[in-house]
Amino acid sequence: MVVETTNVVLAIVLGLLLGIAYSLRILVLMERRVARIEIHIENLAARILSEEVKIEKEEEQLMKLKKPAARKAKKPAGKR
């Protein structure tokens, strides 16, 4: 009777240890996936930032080309 109880307890403990090891394995795999996703997001953000810089430079160049000439102030009519 004591041997049966010991075997049952040993089986339960062994099952728990195997369950914990499997859970840790799954957690490590999930962490790697999340890390890869984060790297892809960082790459996308870097590309977007570089495109934004290009657009801003192009806008600055267009603004320099389209600067209006300085106008003279008109004198009010009727006061001579």
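Residues numbered from 1 in each chain as written. Predicted model: local features only at pLDDT ≥ 70, side-chain atom pairs only at ≥ 80, totals over all residues. Heavy atoms only, no water.

A look at the overall build of the protein
(1) Moving on: Counting secondary structure elements, the protein contains 1 helix and 0 strands.
(2) Moving on: Counting all 80 residues of the protein, 0% fall into the buried class.
(3) Moving on: Only carbon and sulfur atoms are counted for the fraction: they give 66% of the accessible area of the protein, which is about 8600 Å². (Helix = DSSP H or I, 4+ residues; strand = E, 2+ residues; numbered from the N terminus. Buried < 20%, exposed > 50% of the residue type's maximum accessible area, 1.4 Å probe, protein only. Areas by Shrake-Rupley, 256 points an atom, 1.4 Å probe, with all protein chains shown as cover.)

Comments concerning the pattern of salt bridges
For side chains bearing opposite charge, pairing can occur when the charged atoms are close.
(1) Moving on: Counted according to the given criterion, the structure contains 1 salt bridge.
(2) Moving on: Two residues, Lys 54 and Glu 51, come together in a salt bridge whose shortest N-O distance is 3.7 Å. Pair noted here: Lys 54 and Glu 51 are both in helix H1 (residues 2–65), with a separation of 3 residues, about one helical turn.
(3) Moving on: Judged by its relative accessible area of 41%, Glu 51 is partly exposed. (Salt bridge = Lys/Arg side-chain N within 4 Å of Asp/Glu carboxyl O.)

Some points on a nonpolar patch on the surface
(1) Moving on: A surface patch of nonpolar side chains, amounting to about 570 Å² of accessible area, comprises Val 9, Val 13, Leu 17, Ile 20, Leu 24 and Leu 27.
(2) Moving on: With respect to the element layout, Leu 24 can be found in helix H1.
(3) Moving on: Given the relative accessible area of 51%, Leu 24 is considered exposed. (Patch = residues over 30% accessible without salt bridge, like charges linked within 9 Å, V, L, I, M, F, W, Y side chains within 5 Å.)

Thoughts on a negative patch on the surface
(1) Moving on: A cluster of acidic side chains, namely Glu 52, Glu 56, Glu 58, Glu 59 and Glu 60, defines a negative patch on the protein surface.
(2) Moving on: With respect to the helices and strands, Glu 60 occurs in helix H1. (Lys, Arg positive; Asp, Glu negative; His and termini not counted. Charge placed at Lys NZ, Arg CZ, Asp CG, Glu CD.)

Coordinates in, geometry out; function isn't part of it.
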